[in-house]
Amino acid sequence: MGAISRTGWASAPAALICTVVALLGVSDARNPTSDVPIYTTSDVDVGTERHWTLVLEDDATDEELGGIRQEFNNGQHSHPGRGQMPFVVGSMTRNSLNALLARHKGRVKFVQEDQFSKRVPDMETVNSEDAYSEGRASRTYPWGIQYVGANVVRRRGAGVHVYVLDTGIRITHNEFGGRAFAGVDVASSGEYPGTLTECAPLSTTCSADVHGHGSHCAGTVGASTYGVANGATLWAMKVLNDAGSGWTTWSILAEQWILSSGNRPAVVSISIQANYNDLAEQTSIDNLVADGVTVVVAAGNSNQDACSWNPAWIPSAMTVAAFGGTSGTS
């Protein structure tokens, strides 16, 4: 189980510290050829093709985004007409990006360079369970379930839709009891910036979990024996490939689909990490939270300040760290 290390409800100083760390941690925000901030994550030369997310002004339309998308060879864009955050993603050189910004002066809020992310690594089992259960004659549920009292009242979370952004979910697993469904698949295309495919809810191939990490995370949320909220409906949102990696853009595309097309009430669960701060994903998650969606993200399992990791640093998200029961830490 996890304990809240920093949340959207945390103190203003804590949120401010993470925001300041994030802004200090990104490079090249000042663009000498434009007044648009460009946040980079690599030091390659301006003639090398790189991956970009352009976040536009709030009044941008689908038609405007479609026009900008065509300036990329591989562009994708969101649908603000459906209530999504207005953004365009695609690949081009820094020189070409500067020229694009000049052609659309005053329309782009900022540009974020994309980065490859990966699943949060698993941690070795510690002895907290033995310590917690010492003296107990028998145990029906794992120590973490007992610690938060979830063993007393089961079927919690009934009626709530939990969207698990990860490697997919094995929806046929008997621990899910028919409550897991295929949502969207962005990662299976294997290409940048990815193609979002809406799955048939009962599909066992769309958003399928070959890796296992996504099913593990979904199990922590809502498995019959091991889940905290074993009454919740689980949705597989495949934003990591079968090796457990993926572009941050893949997560943003899924997040914005949830914003415009997902069921309510909703929780978004993200156990993904990258060692940088992505302001485009911050904007995406901020929009979800503003719409009433609870976004829960992993602190990183790296024994480091979560403010250095994406999306753990985002103040509007609920960031959860590992917890070792009576020992206090894992």
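Treat the numbers as computed from the prediction; the structure is a model and nothing was measured. (Residues numbered from 1 in each chain as written. Predicted model: local features only at pLDDT ≥ 70, side-chain atom pairs only at ≥ 80, totals over all residues. Heavy atoms only, no water.)

## Some thoughts on the overall build of the chain
We count it as follows: Think of it this way: any DSSP run of H or I at least four residues long counts as a helix, any run of E at least two long counts as a strand, and we number them from the N terminus. Relative accessibility thresholds used throughout: buried, under 20% of the residue-type maximum; exposed, over 50%; partly exposed, between the two (1.4 Å probe, protein chains only). All accessibility values rest on the Shrake-Rupley procedure with a 1.4 Å probe; residue burial counts only the protein chains present in the view.
Each helix and strand in the chain was counted, giving eight helices and 16 strands. Split into buried and exposed, the 330 residues of the chain put 51% on the buried side. In the form shown here, the chain has an accessible surface area of approximately 14400 Å², with 51% of it arising from carbon and sulfur atoms.

## Quick look at the packing of helix 7 (residues 248-261) against helix 8 (residues 279-290)
Two packed helices can be described by the angle between their axes and the distance between those axes. How we decide: In this analysis, axes come from line fits to C-alpha atoms, helices being fitted only over the stretch in contact, and the angle between any two N-to-C directions falls in the range 0 to 180 degrees. Throughout, the term roughly parallel applies to angles under 35 degrees, roughly antiparallel to angles over 145, roughly perpendicular to angles from 65 to 115, and oblique to all others. Should the near helix be turned counterclockwise from the far one by less than a right angle, the crossing is left-handed, whereas a clockwise turn marks it as right-handed. By the convention used here, residues are in contact when the closest approach between their heavy atoms is within 4.5 Å. Asp, Glu, Lys and Arg are counted as charged, while Ala, Val, Leu, Ile, Met, Phe, Trp, Tyr, Cys and Pro are counted as nonpolar; the rest, among them Gly, fall into the polar class.
Where helix 7 meets helix 8, the closest approach of the two axes is 10 Å, and the angle between their N-to-C directions is 20 degrees. Relative to helix 8, the element helix 7 lies roughly parallel. Helix 7 and helix 8 meet at a crossing whose hand is left-handed. Side by side, helix 7 and helix 8 meet where T248, S251, I252, E255, Q256, I258 and L259 of the first sit next to A280, E281, S284, I285, N287 and L288 of the second. For the contact of helix 7 with helix 8, the per-class residue count stands at six nonpolar, five polar and two charged.

## Examining the side chain of D185
To be explicit about the condition: In this count, Lys and Arg are taken as positive residues and Asp and Glu as negative ones, while His and the chain termini are left out. We count a salt bridge whenever a side-chain nitrogen from Lys or Arg sits within 4 Å of a carboxyl oxygen from Asp or Glu. A 3.5 Å cut-off defines polar contacts: any pair of N or O atoms within that distance qualifies, except that in protein one atom must be a possible hydrogen donor and the other a possible acceptor, and neighbouring residues in sequence count only when both atoms are side-chain atoms.
Note on placement: D185 falls in strand 9 (residues 180-185). For the buried D185, no salt bridge is present, and the opposite-charge side chain at shortest range is K238, 5.6 Å distant. For D185, the side chain forms a polar contact with the main-chain nitrogen of A187, separated by 3.3 Å. Polar contacts involving the side chain of D185 include one to the main-chain amide nitrogen of S207, which spans 3.0 Å. Not counting the four nearest positions on each side in its chain, D185 is found in contact with T195, L196, T197, C199, C206, S207 and K238.

## Focus on the confidence of the model for the chain
Segments scoring low in pLDDT should not have their predicted coordinates read at a detailed level. Rule in force here: The predictor rates its confidence in each residue with pLDDT, a number between 0 and 100.
Put simply, the chain has an average pLDDT of 87, and 82% of its residues get 70 or more. Considering only residues more than four positions removed or in separate chains, one finds that residues 125-138, a stretch of pLDDT under 50, has 15 contacts.

## Description of the pattern of salt bridges
All told, the structure shown has eight salt bridges when counted by the stated rule. In this structure, R107 and D59 form a salt bridge, with 2.8 Å as the shortest nitrogen-oxygen distance. Of this pair, R107 sits in the loop between helix 3 (94-103) and strand 6 (108-113) while D59 sits in the loop between strand 3 (50-56) and helix 2 (62-69), and the two are 48 residues apart along the sequence. A relative accessible area of 53% places D59 in the exposed class. For the salt bridge of D291 with R264, the shortest nitrogen-to-oxygen distance reads 2.8 Å.

## Considerations on the state of the cysteines
Our working definition: Two cysteine sulfurs form a disulfide in these notes if their separation is within 2.5 Å.
Under the criterion given, the structure shown has one disulfide. The disulfide partner of C199 is C206, and the gap between their sulfur atoms is 2.0 Å. Taking the sign of the S-S torsion, -65 degrees for the link of C199 and C206, the bridge is left-handed.

## Describing the pairing of strand 13 (residues 266-270)
How we decide: Two strands qualify as a pair provided DSSP detects at least 2 bridges between them.
Among the five residues that make up strand 13, four are buried, leaving the element largely enclosed by the rest of the structure. Here five bridges tie strand 8 (residues 161-166) to strand 13, and the two strands are oriented parallel to one another. Considered in strand 13, the bridge of H161 is made with A266. Here strand 13 runs beside strand 15 (residues 294-298); their pairing, made up of four bridges, is parallel. Across the sheet, residue I270 finds its bridge partner in strand 15, namely V297.

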